Amino acid sequence: MTPWQHLLTDAMTTPADLPPSLRPDLTGLQDIMGHYPMRVNPYYLNLIREKNDPIWRQAVPQLAEHADTVCHLDGLGEERLSPVPTIVHKYRDRALFLVANQCAMYCRFCTRKRKVGTPEMMVNDQAIQAGIDYIKGHPEIRDVLISGGDPLLLTDERLEWILAAIRAIPSVEIIRLGTRVPCTLPARITADLCTMLSRYHPLYINTHFNHPWEITAESSRACGMLANAGIPLGCQTVLLRGVNDNIETMLELMRGLLRIRVKPYYLFQGDLSLGTNHFRTSIEKGQEIMRGLLGRISGMGIPTYAVDGPDGKIPLTPNYIESLTETLTFTNYEGKTCFYENGDTKG
Ligand SMILES: *Cc1c(COP(=O)(O)O)cnc(C)c1O
Ligand code: SF4
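In this report, we go over the structure that sits alongside the text. (Residues numbered from 1 in each chain as written. Chains lettered and ligands numbered in written order. Predicted model: local features only at pLDDT ≥ 70, side-chain atom pairs only at ≥ 80, totals over all residues. Heavy atoms only, no water.)

1. Structural notes on helix H10 (residues 247-259)
We count it as follows: Numbering of helices and strands runs from the N terminus, with a helix taken as a DSSP run of H or I at least four residues long and a strand as a DSSP run of E at least two residues long. Here the expected length of a helix is defined as 1.5 Å per residue gap, with one fewer gap than residues. Think of it in three bands: residues with accessible area under 20% of the maximum for their type are buried, residues over 50% are exposed, and the middle band is partly exposed, with areas taken using a 1.4 Å probe on protein chains only. We call two N or O atoms a polar contact when they sit within 3.5 Å, provided that within protein one can donate a hydrogen and the other can accept it, with sequence-adjacent residues counted only if both atoms are side-chain atoms.
Compared with the 18 Å implied by 1.5 Å per residue over 13 residues, the 18 Å span of H10 between its first and last C-alpha is a close match. Within the sequence span of H10, burial applies to Thr249, Met250, Leu251, Leu253, Met254, Gly256 and Leu257. With a side-chain oxygen lying 3.4 Å from the backbone nitrogen of Glu248, the N-terminal cap of H10 falls on Asn246.

Here it is as structure tokens:
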């Protein structure tokens, strides 16, 4: 077993395993565990400073997961866009390929909470082959997003089998890996993994950090190694109540990501996935945070704030335009009203 596999074996899988000071009220929680598994590996556990803090909230089950009467089982409407069980084909030129059912930590707010870590998402060789064949049969797919679960929980050999098969399809231009491992299990990023990944360029990685405390010496090392392997790194942060729903935290997170060579890509409004409603904020809150970022951090550090849903991703960028005729009237980052002469609208 590799060192990172040991960290997973040592993970806590029920709230009763947690040190007493970090244990939630256990009443009723066992029932939740039957639906939504828990996995807090020793690395991520170490980032928790106290009960109810922003790291704890992401990792430890709470009764609120069962009190959700607002969200739906398949909030993104993925099942009906799934021609084979491992593929979600929503946009013509891109396909989402779900190759793994496990994660290094089961985020309590996960969009695919209904599936990840459960037997419902078993991904065997045959299911992966069906996905590869689907991509081969659809040459309009230029961009393959490998996700799960977390694809970096596969062994190097298994992941390379998938990458090589996709790279052999001439119509595929770019490959993207979606993985939270640089944040939740940085020991998984090894020199061997980086060497293997660098054989399949152009390859991009979108990782997922939600709080500045997740930026550590270890996660910084992991991202540096991936970047040195020539892999551009992006981050898909989720806006979470009680975790990062304020300007100062978000600003610190975005600055930290740029320092570890990760470009903020999306800031997602919470999805309508069953069991996650207690994490959702209002859209006004997200827009207030976006306004707070503008002018205080370089454009390099500003993600696209978006909501994802059955109809696709829709940007929720705050509106700076007051009116647009022959003249554009708008508000700048300081709240000052400004003007710009429009180009010729007849031409
Ligand atoms: C998010 C998503 C994509 C990728 O969208 P980008 O904006 O290109 O990052 C592709 N397919 C599905 C089903 C998605 O949910
Ligand atoms: S790493 Fe991603 S897929 Fe896995 S539990 Fe967290 S949000 Fe869900």
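2. A word on the site of ligand 1
The cut-off we apply is this: Any residue with a heavy atom positioned within 4 Å of a molecule or strand is treated as near that molecule or strand. Computed by Shrake-Rupley with a 1.4 Å probe, the accessible areas treat only the displayed protein chains as cover when residues are assessed.
Inspection of the region around ligand 1 gives Val88, Lys90, Tyr91, Arg94, Leu96, Leu145, Arg176, Tyr265, Tyr266, Asp308 and Lys313 as its neighbouring residues. At 2.5 Å, a side-chain N or O of Tyr266 approaches an oxygen atom of ligand 1. One of the side-chain nitrogen or oxygen atoms of Lys313 is found 3.2 Å away from an oxygen atom of ligand 1. Surface burial for ligand 1 is 90%, taken as the share of its 390 Å² of free accessible area covered by protein chains. Breaking the shell around ligand 1 down by element, the ones donating at least two residues are strand S2 (94-98) and strand S7 (263-268).

3. As for the sheet that holds strand S11 (residues 327-331)
Let me state the cut-off plainly: At least two bridges found by DSSP between two strands are what make those strands a pair. Every axis corresponds to a line fitted to the C-alpha atoms, with the helix fit spanning only the stretch in contact, and the corresponding angles, defined between N-to-C directions, vary from 0 to 180 degrees.
Pairing in this open sheet of 3 strands is antiparallel, and the strands run S10-S11-S12 from one edge to the other. Each edge of the open sheet carries a strand with a single partner, namely strand S10 (321-324) and strand S12 (337-341). For this sheet, the mean inter-axis angle between neighbouring strands, taken without regard to orientation, is 15°.

4. Quick notes on the packing of helix H5 (residues 125-136) against helix H6 (residues 156-167)
We apply this condition: Note on angle classes: values under 35 degrees are labelled roughly parallel, values over 145 roughly antiparallel, values of 65 to 115 roughly perpendicular, and the remainder oblique. By the definition used in this description, the sense in which the near helix is turned from the far one sets the handedness, with an anticlockwise turn below a right angle giving left-handed and a clockwise turn giving right-handed. Contacts are assigned to residue pairs with any non-hydrogen atoms lying within 4.5 Å of each other. Note that Gly is not counted as nonpolar here; it falls among the polar residues with everything else outside the nonpolar set of Ala, Val, Leu, Ile, Met, Phe, Trp, Tyr, Cys and Pro and the charged set of Asp, Glu, Lys and Arg.
Packing of H5 against H6 brings their axes to within 10 Å, and their N-to-C directions diverge by 20°. One element, H5, and the other, H6, form an angle in the roughly parallel class. Seen from above, H5 lies across H6 with right-handed handedness. Listed contacts from H6 to Asp125, Ile128, Gln129 and Ile132 of H5 are Arg158, Trp161, Ile162 and Ala165. Classifying every residue of the contact of H5 with H6 by side-chain character gives 5 nonpolar, 1 polar and 2 charged.

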